[in-house]
Number of protein chains: 2
Amino acid sequence: MISGLKVIAPASVSNLACGFDTLGMAIDVPSDEIIGKWSDTPGIRILEVTGYKKEIPLSPEKNIAGITAMALLRHLGEEKRGLDLKIHKHIPAGSGLGSSASSATAAAVLINEMLNRPLEKRDLIPFALEGEVTASGSRHGDNIIPALIGGLILIRDIETYDYHRIYTPPGLFMAVLLPDVMISTRSARDILRKEVTLKEMVAQSANLGSFIIGMNLGDLDLISRSMKDHIIEPQRKHLIPYFEEVQQVALSLGALGCSISGAGPAIFALCQEKLKASDIANAMHEVYARHKLDARSFVGSINHEGTIAM
Amino acid sequence: MISGLKVIAPASVSNLACGFDTLGMAIDVPSDEIIGKWSDTPGIRILEVTGYKKEIPLSPEKNIAGITAMALLRHLGEEKRGLDLKIHKHIPAGSGLGSSASSATAAAVLINEMLNRPLEKRDLIPFALEGEVTASGSRHGDNIIPALIGGLILIRDIETYDYHRIYTPPGLFMAVLLPDVMISTRSARDILRKEVTLKEMVAQSANLGSFIIGMNLGDLDLISRSMKDHIIEPQRKHLIPYFEEVQQVALSLGALGCSISGAGPAIFALCQEKLKASDIANAMHEVYARHKLDARSFVGSINHEGTIAM
């Protein structure tokens, strides 16, 4: 029995322009940490939350990590245990980078590892999903699955946990700009029209298909042509100041694709080299600086391990 | 200079349940033949059409093969040539099996081969498309490209000839039932509602993505789960007598997927062995026999060569 443990969970970029509610990719910067320690006092206590702690409740019944941990402990017949948690949030909540998902997968992996791994990682999904649904109100898995197992993932049907890893060629990096504006996943979802034209559907699904083929072949041009979003992005971009200018800068500097991560406001740019990703992250940041707006930027490689114990 | 030549063009199954206007697969049965011979008398003459010749005009200005041949000869500066054509249609027009596309690719490859191949096969697409548009009024390429180059093809954007071959595992066969009813591509298209829900789009595109992944991995279960059409099939199936009964029989006998080929009325069932495909074709045919309706059935393997000279 492990008395204390640290677990790290990666951020994730979902949608990826051509895969609304279907595609997600884990990236290694930023990532969350959770530290757990068994205690003699029954119940879960969140001792501290550091980092981007805004809007993160300390009460375990309202905290995503707490909800996930409790659900899993109950499932394993260990609900009488005492557990102290410390959470270090590097992934801001409401960023579009899967912050809720990472909190959930971190807690699920933590409990599983502390109990000497009674479950496979795959079996942790329902518990992590339960935690995330509380936060976002929607149940897609396009952040949960990549955060949990890493890599680029297609969700075919989250209800049956039918998801699939997509091969990615080496050398891909994400440049991410995180504007300092708050968008709730719920409201970003509410503004979407509920119907699309048949023609839009054909174009969008063809792009998703050719994106997968491009990844399989390592055909960067094809990946780039496929990363177009004519449906969701035009409806959400108005929520993000200067989105078009940022996107234009990223693409003109050679990003393979650039769009809104999840419900935003994070803007991602997929790039083929770390140096280029770094230049592009700086240039995107520069757009915000010019307009005297606050933002953070990151450069992350694809995380292939998902949520792991240290 | 070749004085006379025979060219064979395969049929094709398009849409494949999860890829409306995007996916097409060439199959080797049935296939069309066209025989061409240079003549000293300028102009194109269609000397005969045999086989399923119903509704196939002999006038070269109205005949798909004639239109395609003329467009290509003009492009190559050979419009003063005399050409006699004999066409043997094994693919019935209005079947949903790409009959128009095969007529067009057959003529394009014939002219190109008879002139000692001045163009790559890829460069023949615009001329074959021109011929097909005349017939169907729509320009998708999901029959033209598979018929021309063979295999399972995803069309990303036909306007830029952006199409991609999808790997297929060995051992796949198509059982096809062709009911003796006439459906025009135009009317089958007109009945489709012009909008789909966002949720339907997500499910359909996820299925297209996982279909490609399944093909890449040779994961037959995944291919089977992905071959679902909740959008187009429910709107078109009423045009085909006893569609649901035929589909039910095919799936209960182990077909990986079963739906309408293109605009119908052909019903395809993708199967993993030739014997099984043969059993399933018979069982589908049997449904029609029980209801005293005429139909034909075929079993075809995937054609990987496309349209070729013999």
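Residues numbered from 1 in each chain as written. Chains lettered and ligands numbered in written order. Predicted model: local features only at pLDDT ≥ 70, side-chain atom pairs only at ≥ 80, totals over all residues.

The next point concerns helix 9 (residues 243-252) of chain B. Working note: α-helix, 3.6 residues per turn, so residues spaced by three or four point in the same direction. Residues and elements named next belong to chain B. Along helix 9, the residues classified as buried are F243, V246, Q247, V249 and A250. Viewed along the axis of helix 9, the buried residues span an arc of 160°, placing them on a single side of the element. Along helix 9, exposed side chains directed more than 90 degrees from the buried face belong to E244 and S252. Against strand 7 (173-179), strand 9 (257-260), strand 10 (267-271) and helix 10 (274-290) lie the buried residues of helix 9. Taken from the residues just after helix 9, G254 is the one with a positive phi, measuring 105°. (Buried ≥ 20, exposed ≤ 12 C-beta atoms within 10 Å, placed from the backbone. Helix = DSSP H or I, 4+ residues; strand = E, 2+ residues; numbered from the N terminus. Arc of directions from axis to C-beta. Contact = placed C-beta atoms within 7 Å.)

Residue and element names in this part refer to chain A. Packing of helix 1 (residues 64-75) against helix 2 (residues 99-114) leaves a shortest axis separation of 8 Å and a crossing angle of 35°. Like other packed secondary-structure pairs, helix 1 and helix 2 cross with a definite hand, here right-handed. Residue-level inspection shows I64, A65, T68, A69, L72 and L73 of helix 1 in contact with helix 2, the latter providing S100, S103, A104, A106, A107, A108 and I111. (Axes fitted to C-alpha atoms, helices over the stretch in contact; angles between N-to-C directions. Left-handed = near helix turned anticlockwise from the far one by under 90°.)

Moving on to the nonpolar core. Inside soluble globular proteins, nonpolar side chains tend to come together where they are buried. Within the largest apolar cluster, 206 residues are counted, with the highest numbers of intra-cluster contacts made by A175 and M284 of chain A together with A175 and M284 of chain B. Residue contacts for M284 of chain A: discarding those within four places in its chain leaves A175, L177, V246, V249, A250, I267, A269 and S297 of chain A. (Core = buried A, V, L, I, M, F, W, Y, C linked by C-beta atoms within 7 Å.)

What follows concerns the UniProt feature "binding site: ATP" (unreviewed entry) in chain A. Residues and elements named next belong to chain A. The feature "binding site: ATP" (unreviewed entry), as given by UniProt, occupies P92, A93, G94, S95, G96, L97, G98, S99, S100, A101 and S102 in the numbering adopted here. Mapped onto the fold, S95 is located in the loop between strand 4 (82-89) and helix 2. Excluding anything up to four places from it in sequence, S95 contacts L178 and A266. Relative to the elements of secondary structure, L97 occurs in the loop between strand 4 and helix 2. Assessed through the 32 C-beta atoms surrounding it within 10 Å, L97 is described here as buried. For L97, the contacting residues outside a window of four places in its chain are A11, S12, V13, I91, S261 and A266. (UniProt positions renumbered as here; feature names shortened; annotations may be inferred.)

In this complex, chain A contributes 29 residues to the contact, which on the side of chain B involves 29 residues. Within the residue set of the side of chain A that touches chain B, elements represented by two or more residues are strand 5 (152-157), strand 6 (162-166), strand 8 (195-197), helix 6 (198-217) and helix 7 (220-226) of chain A. Partitioned by chemical class, the residues of the side of chain A that touches chain B number 13 nonpolar, 10 polar and 6 charged. (Nonpolar A, V, L, I, M, F, W, Y, C, P; charged D, E, K, R; others polar.)

Our focus in this paragraph is the confidence of the model for chain A. Of the residues in chain A, 98% reach a pLDDT of 70 or more, and the chain-wide mean stands at 94. Model confidence for the complex is summarised by a pTM of 0.94, with the ipTM given as 0.92. (pLDDT = per-residue confidence, 0-100.)

This part covers the UniProt feature "domain: GHMP kinase C-terminal" (unreviewed entry) in chain A. Mapped onto the present numbering, the UniProt feature "domain: GHMP kinase C-terminal" (unreviewed entry) falls on residues 217-289 of chain A. The distance separating the terminal C-alpha atoms of residues 217-289 of chain A is 38 Å; by composition the span is 52% helix and 12% strand.

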